[in-house]
Amino acid sequence: MGKRSRQRQKNQSGGRDDRDSGWGAGYADIVKENKLFEHYYKELGLVPEGEFEQFMEAMREPLPATIRITGYKSHAKEILHCLKEKYFKDIQEVEIEGQKIEAPQPLSWYPDEQAWHTNMSRKIIRKSPLLEKFHQFLVSETESGNISRQEAVSMIPPLLMKIESHHKILDMCAAPGSKTAQLIEMLHADMDVPFPEGFVIANDVDNKRCYLLVHQAKRLNSPCIMVINHDASCIPTLKIDADGQKDILFYDRILCDVPCSGDGTMRKNIDVWKKWTTSNSLHLHGLQLRIAVRGLEQLAVGGRMVYSTCSLNPIEDEAVIAALLEKSEGALELADSSADLPGLKWMPGVTSWKLMTKDGQWYSDWSHVPSSRHTQIRPTMFPPTDPEKLASMHLERCMRILPHHQNTGGFFVAVLVKKAPMPWNKRYPKLRKDVSSLSAAQTGDSPAASTPVDTPCLPESAMDEGQGGCPEGKVDEEAPKGASLAQESAVKQDGVCGPPASKKMKLFGYKEDPFVFLTEDDPVFTTIQSFYDLSPDFPKLNVLTRTHEGKKRHLYMVSKELRNVLLNNSERMKVINTGVKVWSRNSDGEEFGCAFRLAQEGIYTLQPYIRSRIIRVSVEDIKVLLTQENPFLSKLEDDAHAQAKKINMGSIVLKYIPKPDSPADPQCSIQLCGWRGKTSIRAFVPRNERFHYLRMLGVEVFRDKQGLGQKQRDEGKGEEEGAAENEAELDLENSDENGSSQAKANSGNQGTSS
């Protein structure tokens, strides 16, 4: 222990600056060499002839920084314009520490210039005074959900899913959530529809990483996302109500981005250089196959599942795809996605490969593997031996991205389309004739093609692929023999397929508050309805809170479809988070006519239903509201001032509508929560969102490097707030919507407090 501790101190003695010397921060002592890795991939021949040295050189280079603009927000074009005109122009042809900085370039294959990359390392962006404004822009816009820093190849799978707004989507291994964010954006392609018919259920087995996932998803303020915590290989089959009868939830799209050895990430995860061995893939193959099979069981006929890994190893890639195709007996087809991303360079999947053990022993066929190794090496790890069957699989349709082709990480992706139910599901009887025909109507297929599936784990035919998973004996026992049995089995299956006992005990430490839906005649709606003049089509049943007892502090909204899922599966799944906050209780708010004030997070969801307490504001009004803490009503322009005088004290919506004849102004609508005081007015917007809107309006937002300027302003805010409250203009619970860091902290935690 002592020796290890001294060695650790020695490694750390270089100080923080040494650790920040680029993307390889903190790994100066790791030599980017692994002879076994080079030997293995040379022997497999995945890299085109004559390019292997280029491939290895690229693997040793730091990964370029890449950013993606949040595509569904109508502000995307404004952010892109801001980036191009302000920040990118400032950093063209700059030299820092002898390194020439290239101007950021759009990724050629990502639609609408929504993703950009540059050769700047994180250290340079963070430390260089010349790039300080750019760095602050990145941090601020990332926190407010308008851009995401995401690796380029990680952006590919969602693009291949061809998502439409009505699709039910499952992300099986979702943390940390950058791909999930893309899926949500695609659902909300039309900003004018507050509740798309589709939804995203994002799952992860790691409870702590689920909260990272929540943080990512919550930046997008969508009512159509739910985060759950399950083992993906045994993820429960969910039920939904369809015309008053129980039906099984099949997903239209599934993202299956499985755990992998990660040898495609060597450029950013330097640890992989010293930890990589061939046994990593052998250990993971069985788990990857089980997760993929479980996904396919829950995929609707006609649906698409994208399987991806950040590994280049065929054992984790083509071998899994080939095993799925073979087991499916024609129910699956490998889709040709070659034309879907023009500009992306990729290598077609391979049809022959061999595997190597840790001690260097090669095997090219299952028949050559000695029985002593049968627990480690499985038949599905090898390519099919029948040439005709192999040709019919079209494994060349898989896509492998090599790092040296477009200066990216390594990646593998394949798109599977489900043509019919999986063969092991056909032997189970249908729940009801009318349910199966309804299911067919939903997916647009024949009744026979929509046989319900309720197999919580792999069937016997799929269980021989590795250890773990669910006990075989339980599978037939839980097959649906009727509607009531299906329900009982689904309740039981958490016990059968859940994580090990130690993990279960641990999960109690993260017990979530309940999700309680309000009824249409709930007393809270009485004042809310009249105060905000909600339209008759406002979906009251979609409103939920997080407590059974006491006063409701926050009200959240989910889409109708997610409500259906939540109500029918409370015993079957562990929900970590769902819903977007739309109202928060305002202490002493009753004196203003309503105990609940609007929350900025949910304003775009809620505003279409609000018919009063809206003030139309101009660009100049927004500048005043976002730069001054408590401006007098007279500071507003005449039109907004006149509107404000007609409105009583309390929560308001501040709405900017773009004017096509003023192209210099933002060409997207802006909606802010505010408060009308006795003589003043203020906007309740978290700090980073304030910065975002001000940038869009052309106001320079810049803090000194230590953040002191902003800190002082925040302290000033606190004093002003105290003064405002003393004057009895308003009294907000914890003053948590002061437009500064407290509001952001609350929004990061939304959905988790009662």
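Residues numbered from 1 in each chain as written. Predicted model: local features only at pLDDT ≥ 70, side-chain atom pairs only at ≥ 80, totals over all residues. Heavy atoms only, no water.

We now examine the overall build of the protein. If you tally the helices and strands in the protein, you get 27 helices and 29 strands. In the protein, which comprises 754 residues, the proportion classed as buried is 58%. Pairs at least 24 apart in sequence give 76% of the contacts found in the protein among residues at least 6 apart. With the model as given, the accessible surface of the protein reaches about 31,200 Å², and the carbon-plus-sulfur share is 49%. (Helix = DSSP H or I, 4+ residues; strand = E, 2+ residues; numbered from the N terminus. Buried < 20%, exposed > 50% of the residue type's maximum accessible area, 1.4 Å probe, protein only. Contact = heavy atoms within 4.5 Å. Areas by Shrake-Rupley, 256 points an atom, 1.4 Å probe, with all protein chains shown as cover.)

The next thing to look at is the packing of aromatic side chains. In the structure shown here, the tally under the stated rule is 21 aromatic pairs. Ring centres 6.4 Å apart and planes at 15 degrees place the aromatic pair Phe37 and Phe55 in the stacked group. One end of the pair, Phe37, is in helix α3 (residues 35-44); the other, Phe55, is in helix α4 (residues 52-60), and 18 residues separate them in sequence. One exposure class covers both Phe37 and Phe55, and it is buried. Aromatic side chains Phe538 and Tyr609 sit 5.5 Å apart centroid to centroid with 75 degrees between the ring planes, which places their arrangement in the edge-to-face category. On the criterion of sequence distance, the pair formed by Phe538 in the loop between α20 (524-532) and β21 (543-545) and Tyr609 in the loop between α22 (603-606) and β26 (614-616) is long-range, its members being 71 residues apart. Both residues of the pair, Phe538 and Tyr609, belong to the buried class. (Phe/Tyr/Trp six-rings, centres within 6.5 Å; stacked < 30°, edge-to-face > 60°.)

What follows covers the sheet that holds strand β22 (residues 554-557). The antiparallel open sheet is built from five strands, whose spatial order is β20-β21-β22-β24-β25. Among the strands making up the open sheet, the edge pair consists of β20 (516-517) and β25 (596-598). Bridging between β21 and β22 involves two bridges; their strand directions are antiparallel. Across the sheet, the residue bridging to Val543 is Met557, located in β22. Along the sheet, α20 contacts β21, β22, β24 (580-585) and β25; its crossing angle with β25, the most-contacted strand, is approximately 45 degrees. (Pairing = 2+ DSSP bridges. Axes fitted to C-alpha atoms, helices over the stretch in contact; angles between N-to-C directions.)

So, about the packing of helix α12 (residues 279-297) against helix α13 (residues 318-328). The N-to-C vectors of α12 and α13 enclose an angle of 45 degrees; their axes lie 10 Å apart at closest approach. Put simply, α12 runs oblique to α13. At the point where α12 passes α13, the crossing takes the right-handed sense. Packed against α12, whose contacting residues are His285, Gln288, Leu289, Ala292, Val293 and Leu296, the element α13 presents Ala319, Val320, Ala323, Leu324 and Lys327 at the interface. (Parallel < 35°, antiparallel > 145°, perpendicular 65-115°, else oblique. Left-handed = near helix turned anticlockwise from the far one by under 90°.)

Inspection of the secondary structure assignment puts Lys581 in strand β24. Here the alpha-carbon distance between Lys581 and Tyr556, two residues 25 residues apart in the chain, equals 4.2 Å.

Turning our eyes to something else, we now look at the environment of Ser144. Its place among the elements puts Ser144 in the loop between α7 (132-143) and β6 (147-149). Between the C-alpha atom of Ser144 and that of Lys218, which follows or precedes it by 74 residues, the distance is 9.7 Å.

All right, on to the nonpolar core then. Within the largest apolar cluster, 123 residues are counted, with the highest numbers of intra-cluster contacts made by Ile201, Ile321 and Leu324. Judged by nonpolar contacts, the second largest core, of 29 residues, contains Leu534, Met557, Phe596 and Ile610. (Core = buried A, V, L, I, M, F, W, Y, C linked by side-chain atoms within 4.5 Å.)

On to the sheet that holds β26. Taken in spatial order, the four strands of this open sheet run β26-β27-β28-β29, and their pairing is mixed. Two strands bound the open sheet, and with one partner strand each, they are β26 and β29 (681-683). Averaged over all pairs of adjacent strands, the angle between strand axes in this sheet comes to 35 degrees, irrespective of strand direction. Relative to strand β27 (residues 650-656), β26 is paired through three bridges, and the arrangement is parallel. In the sheet register, Ile614 faces β27, and the bridge partner there is Val653. Each of β27, β28 (670-676) and β29 touches helix α23 (residues 619-627); the most contacted strand, β29, lies at about 85 degrees to it.

Counted by the stated rule, this structure contains 23 salt bridges. Across the pair Lys552 and Asp522 runs a salt bridge whose closest N-O atoms are separated by 3.8 Å. Here the residue Lys552 occupies a position in the loop between β21 and β22, and Asp522 occupies one in the loop between β20 and α20, the gap between them amounting to 30 residues. Residue Lys552 shares its accessibility class with Asp522, and that shared class is buried. With a shortest N-O distance of 2.7 Å, Arg682 and Glu629 are connected by a salt bridge. Here Arg682 is found in strand β29, whereas its partner Glu629 is found in the loop between α23 and α24 (638-645), with 53 residues between them in sequence. Among the ionic contacts, a cluster of salt bridges with common partners joins Glu33, Lys35, Glu38 and Arg60. (Salt bridge = Lys/Arg side-chain N within 4 Å of Asp/Glu carboxyl O.)

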